[in-house]
Amino acid sequence: MTTRTIRRYAYEIYPHAEDGQTRTLEAEVPYLYAGALGLGISGTGWRDAAPEVVGPRVARMGDYRHLALLADALLQGLAGQEAWEWADQRAWDETGEWIWERATHYGVPCDQIKPYPCGPEPTKHEHLGEPDTHGRRAITFAQGRESECPDCTEVATA
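Residues numbered from 1 in each chain as written. Predicted model: local features only at pLDDT ≥ 70, side-chain atom pairs only at ≥ 80, totals over all residues. Heavy atoms only, no water.

In this section: the nonpolar core. Judged by nonpolar contacts, the single largest core of 26 residues is most densely connected at Y33, L37, L69, W86 and V108. At the level of elements, α2 (25–38), α3 (51–75), α4 (80–91) and α5 (97–105) are the ones that each hand at least two residues to this core. L69 has contacts with Y33, W86, A87, R90, A91, I99 and R102, leaving out every residue within four places of it along the chain. (Core = buried A, V, L, I, M, F, W, Y, C linked by side-chain atoms within 4.5 Å. Buried < 20%, exposed > 50% of the residue type's maximum accessible area, 1.4 Å probe, protein only. Helix = DSSP H or I, 4+ residues; strand = E, 2+ residues; numbered from the N terminus. Contact = heavy atoms within 4.5 Å.)

Before going further, it helps to spend a moment on the pattern of salt bridges. Pairing is possible between side chains of opposite charge, provided their charged atoms come close. Scanning all chains against the criterion turns up seven salt bridges. Linking R4 and E12 is a salt bridge whose minimum nitrogen-to-oxygen distance equals 2.9 Å. (Salt bridge = Lys/Arg side-chain N within 4 Å of Asp/Glu carboxyl O.)

Here we come to a nonpolar patch on the surface. Together, L128, I139 and F141 make up an exposed nonpolar region whose accessible area comes to about 290 Å². If you trace the backbone, I139 turns up in strand β3 (residues 139–143). (Patch = residues over 30% accessible without salt bridge, like charges linked within 9 Å, V, L, I, M, F, W, Y side chains within 5 Å. Areas by Shrake-Rupley, 256 points an atom, 1.4 Å probe, with all protein chains shown as cover.)

Residue position: K124 is located in strand β2 (residues 124–128). A residue is classified by how much of its surface remains accessible, and K124, at 45% relative accessible area, is partly exposed. Between the C-alpha atom of K124 and that of Q143, which follows or precedes it by 19 residues, the distance is 4.4 Å. The contact partners of K124, leaving out residues within four places of it in the chain, are F141, A142, Q143 and G144.

With that settled, consider the side chain of R57. Relative to the helices and strands, R57 resides in helix α3. Within the buried core, R57 has no salt-bridge partner, and the shortest N-O distance to an opposite charge, that of E146, equals 11 Å. With near-sequence residues (within four places) excluded, R57 lies in contact with G38, L39, G40, I41, T44, P115, Y116, P117 and C118. (Lys, Arg positive; Asp, Glu negative; His and termini not counted.)

What follows concerns the side chain of T5. Inspection of the secondary structure assignment puts T5 in strand β1 (residues 3–5). Looking at T5, its side chain comes within polar contact range of the main-chain oxygen of R7, at 3.0 Å. (Polar contact = N/O pair within 3.5 Å; in protein donor to acceptor, adjacent residues only side chain to side chain.)

It is worth spelling out α2 at this point. Between its first and last C-alpha, α2 extends 19 Å over 14 residues, near the 20 Å set by a 1.5 Å rise per residue. Here α2 lies mainly inside the structure; 11 of its 14 residues are buried. Residues of α2 that are buried include every one of E28, V29, P30, Y31, L32, Y33, A34, G35, A36, L37 and G38, and no others. In this structure, the buried residues of α2 make contact with α1 (10–13), α3, α4 and α5. (Expected span 1.5 Å × (residues − 1).)

Our focus in this paragraph is the packing of aromatic side chains. Tallying each qualifying case throughout the model produces four aromatic pairs. Between the aromatic rings of Y9 and Y116, the centroid separation amounts to 5.3 Å while the plane-to-plane angle is 10°, which identifies the pairing as stacked. With Y9 in the loop between β1 and α1 and Y116 in the loop between α5 and β2, this residue pair connects regions lying 107 residues apart in the sequence. With 6.3 Å between their ring centres and 5° between their planes, Y11 and Y116 make a pair best called stacked. Taken as a pair, Y11 in helix α1 and Y116 in the loop between α5 and β2 lie far apart in primary sequence, 105 residues in all. Its relative accessible area of 39% is what places Y11 among the partly exposed residues. Taken together, the ring pairs connect Y9, Y11 and Y116 into an aromatic cluster. Here the basic side chain of R23 rests over the ring of Y31, its NZ or CZ set 4.5 Å away from the ring centre. (Phe/Tyr/Trp six-rings, centres within 6.5 Å; stacked < 30°, edge-to-face > 60°. Lys NZ or Arg CZ within 6 Å of the ring centre and 35° of its normal.)

In structure tokens form, the structure reads like this:
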């Protein structure tokens, strides 16, 4: 019996476009936000990864955030300098809160997206409590790898 984590990589929830396919902004914006969340380093082993792994990963995350926000601005009907300023001002937020907020706005299931590996799998992981009346969730840390946690894994289907 093979198990896998319940959370999914971004491309499993929002598949890549076919080669040469140009999707609508309505389809592309959630895909880009999911990708930006998946490239986040929180919840990965980035602290134990080599700098030549972490540096490009962080740069790619930043690029994805910028692109997602710019596509979002276009989808909102902004254009030119106004679209660029709207996106650029939000892209420099190091916390990623703008990405999370805008992804949620488009229905991206942020809590279900597992970050792509960056370094060794951490030996502790997060468990999220039920949302409170404001939608916030308490975080507790569980010892052990997410991929080995009975609460965080399921039987893989073929």
